[in-house]
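The lines below spell out each chain.
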Amino acid sequence: MAELTASPVTSRRWRKPPLIRNPWLRWGLLIGALIYLAVAISSVPVDDARIARGLERGGRMISSFLRPDFASRWYDIQIGVLESLTMTVVSTVAGVLLSVPVGLGAARNLVSAPIYLACRSIITISRTFQEVVIAIVFVVMFGFGPLAGVCTLAFATIGFMAKLLAEDIEEIDPAPLEAIRATGAGWLKTVTYAVMPQVSARLVGLSVYRFDINLRESAIVGIVGAGGIGSTLQTTFNRYDYDVAAAILLIIIVLVMTTELVSGHIRRRLQ
Amino acid sequence: MPVTVVNNTKVWQRYDTATRMKIWLGWIIGTAITLLCWQLISNNTRWEFVADASQQLSAFLQRMFPPDWAYAEQLWKPLWDTITIATLGTLLAMSIALPLSFVAARNTTPHPILRYVALLIIVISRSVNSLIWALILVAITGPGVLAGILAIALRSIGFIGKLAYESIEETSYEPIEAITATGANRLQVLDYAYLPQVLPSFAGISIFRWDINIREATVLGLVGAGGIGLNLNASVDLLRWDRVGMIFILIFALVLISETLSARVRKAII
């Protein structure tokens, strides 16, 4: 026993392995990050006097959040919320329907190169631009109103759904594909009987998930005039009607939470 | 799988009659709801404005191209601001979300009541879009980059926190039991058993959110919260579509680069 404790344990003290193994990369990243942080933080203008004034307003805002005013603009709120909901339903349905052909076209194992590239570029454009940016373009095309919002959300849905669908299709079991092809089935029949049965459960799950996202986004596209509750919300902020804004925010939070619970339930049952 | 015999041949069908009826009923109800919603939207749309949409689009594209290349010189600072908003906002959110997720995870929470408070914070943060957070913050801090950073942080806390606490709840129990058996205290167990399991996924989640935040930060300027969205808003108001085109090109490049970067880093971590 004495020999064991006498062995130089202290010199071989164990240390936790670091997150990044290569020491050059680790220290380089750390120093680079620190320099970036210093530059970035110093480039942020902070107006102390404005914030001091703002804090007082923030206090007022919090106190009005504690007593939300549903009544005085109930008509506007009702219309805005209803519009957001209908926009969500229509855009999700339209987006999902359109995303199936785009998703099939973006799967490398199903189509030829030109179609693949075309569908991939639709997906890239849709995913790169934030919904509000796309909404600006649709408002220019269709004028102010919920139709621009529906098109925006449907377009964003296509990018989201088609990308995940295509990744799913590229990973399907190739055996049924070959079996159906061997019967002499054409492209459409191959897709119906070999591809869709393998991905349809996930397609439904993703659609429900996207419904959630669309509801959340439908609350903001109104800021650029594309319908929904967003424009009402912005107006209340511009008028300093924080108690009405609080009411709208509470409605949005409750709606989002409810759909999230329902969609989570549906998705769990599908798995 | 029901089989019926028609004219002495077996006819195979996937579902029996009752199930098929239910499926049809589901489709009919779904279609009816969608059509009803569509009618509401159609009523609120001025179709005479939609009729000339293709002319509007072609006029829009004509005025957007060629983009105003010279305007790019004024855009480097807003572009830097956009990246700053996303990065500092994500870092701020990470520093709050990490402790929060340990409180919110069932297996590490100090107290069940605290756990519900943490879950409530996560849910509220997630339900409100970063653009709406920006609306609120612009009223408090005044317009500018700071409001944008805080808006991004407030939205990201919920996102990072939710995914992080889920990954904490999925940690394997063996290392934790082993470290506990050595007589380590709670903090040491956290440091030596939980963190090594959680940190890689936490880093992955945060980088994923950073890449989303870059995209979100490009529009925060529309409500006055700094970044390239300020220029976008001004150019749209002035109907300077050639400048809008230039901004679109820069946003496109920025988002593509950040997405590639984030995908690379995540692949290296996981």
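Residues numbered from 1 in each chain as written. Chains lettered and ligands numbered in written order. Predicted model: local features only at pLDDT ≥ 70, side-chain atom pairs only at ≥ 80, totals over all residues.

Notes on the domain arrangement of chain B
Here's step 1: For chain B, the assigned domains are domain 1 (3–45) and domain 2 (72–269).
Here's step 2: A separation of 42 Å is found between the C-alpha centroids of domain 1 of chain B and domain 2 of chain B. (Domains from an automatic or database assignment.)

Some remarks on unusual backbone geometry
Here's step 1: Residue Phe 65 of chain B is joined to Pro 66 of chain B through a cis peptide bond whose omega torsion reads 0 degrees.
Here's step 2: Checked against the element boundaries, Pro 66 of chain B lands in the loop between helix H3 (53–64) and helix H4 (76–104).
Here's step 3: The backbone of Tyr 240 of chain A sits at a positive phi, close to 60 degrees, despite the residue not being glycine.
Here's step 4: Tracing the backbone shows Tyr 240 of chain A in the loop between helix H10 (229–238) and helix H11 (242–270).
Here's step 5: Judged by the 14 C-beta atoms lying within 10 Å of it, Tyr 240 of chain A falls in the partly exposed class. (Helix = DSSP H or I, 4+ residues; strand = E, 2+ residues; numbered from the N terminus. Buried ≥ 20, exposed ≤ 12 C-beta atoms within 10 Å, placed from the backbone.)

With respect to the pairing of strand S1 (residues 3–6) of chain B
All names here are of chain B.
Here's step 1: As judged from the four bridges shared by S1 and strand S2 (residues 9–12), these two strands associate in the antiparallel manner. Its bridge partner lying in S2, Thr 4 is registered against Val 11.
Here's step 2: From the end of S1 to the start of S2, which pair antiparallel, there are two residues, and Asn 7 there has a positive phi angle of about 55 degrees. (Pairing = 2+ DSSP bridges.)

Structural notes on the interface of chain A and chain B
Here's step 1: Counting residues at the interface gives 49 residues for chain A and 49 residues for chain B.
Here's step 2: Put simply, the parts of the chain that give the side of chain A that touches chain B at least two residues each are helix H2 (23–42), helix H3 (48–66), helix H4 (74–105), helix H6 (131–142), helix H7 (146–170), H10 and H11 of chain A.
Here's step 3: Broken down by element, the side of chain A that touches chain B gets its largest block of residues, seven residues, from H3 of chain A.
Here's step 4: Residue composition of the side of chain A that touches chain B, grouped by class: 34 nonpolar, nine polar and six charged. (Contact = placed C-beta atoms within 7 Å. Nonpolar A, V, L, I, M, F, W, Y, C, P; charged D, E, K, R; others polar.)

With respect to the packing of H4 of chain A against helix H1 (residues 17–43) of chain B
Here's step 1: Contact geometry for H4 of chain A and H1 of chain B: axes closest at 9 Å, N-to-C directions at 120 degrees. Here H1 of chain B runs oblique to H4 of chain A, going by the angle between their axes. Considering the relative orientation of H4 of chain A and H1 of chain B, their crossing is left-handed. Residues Thr 86, Met 87, Val 89, Val 90 and Val 93 of chain A of H4 of chain A form the contact with H1 of chain B, whose participating residues are Ile 33, Thr 34, Cys 37, Trp 38, Leu 40 and Ile 41 of chain B.
Here's step 2: Here the contact of H4 of chain A with H1 of chain B is built from residues that sort into nine nonpolar, two polar and no charged. (Axes fitted to C-alpha atoms, helices over the stretch in contact; angles between N-to-C directions. Parallel < 35°, antiparallel > 145°, perpendicular 65-115°, else oblique. Left-handed = near helix turned anticlockwise from the far one by under 90°.)

Describing the nonpolar core
Here's step 1: Grouped together as the largest cluster of nonpolar side chains are 129 residues, with contacts concentrated most on Val 132 and Ala 135 of chain A together with Leu 131, Ala 134, Leu 137 and Ala 151 of chain B.
Here's step 2: If one sorts the elements of this core by residue count, H7 of chain A sits on top with 16 residues.
Here's step 3: Those residues within four positions of Leu 137 of chain B in sequence are excluded, and the remaining contacts are Ala 147, Leu 150, Ala 151 and Ala 225 of chain B. (Core = buried A, V, L, I, M, F, W, Y, C linked by C-beta atoms within 7 Å.)

What about the packing of H4 of chain B against helix H5 (residues 112–127) of chain B?
Residue and element names in this part refer to chain B.
Here's step 1: H5 packs onto H4 with a crossing angle of 130 degrees between their chain directions and a minimal axis gap of 8 Å. The pairing of H4 with H5 is recorded here as oblique in orientation. The handedness of the crossing between H4 and H5 is left-handed. Facing Leu 100, Val 103 and Ala 104 of H4, the residues of H5 in contact are Leu 114, Arg 115, Ala 118, Leu 119, Ile 121 and Ile 122.
Here's step 2: A per-class count over the contact of H4 with H5 returns eight nonpolar, no polar and one charged.

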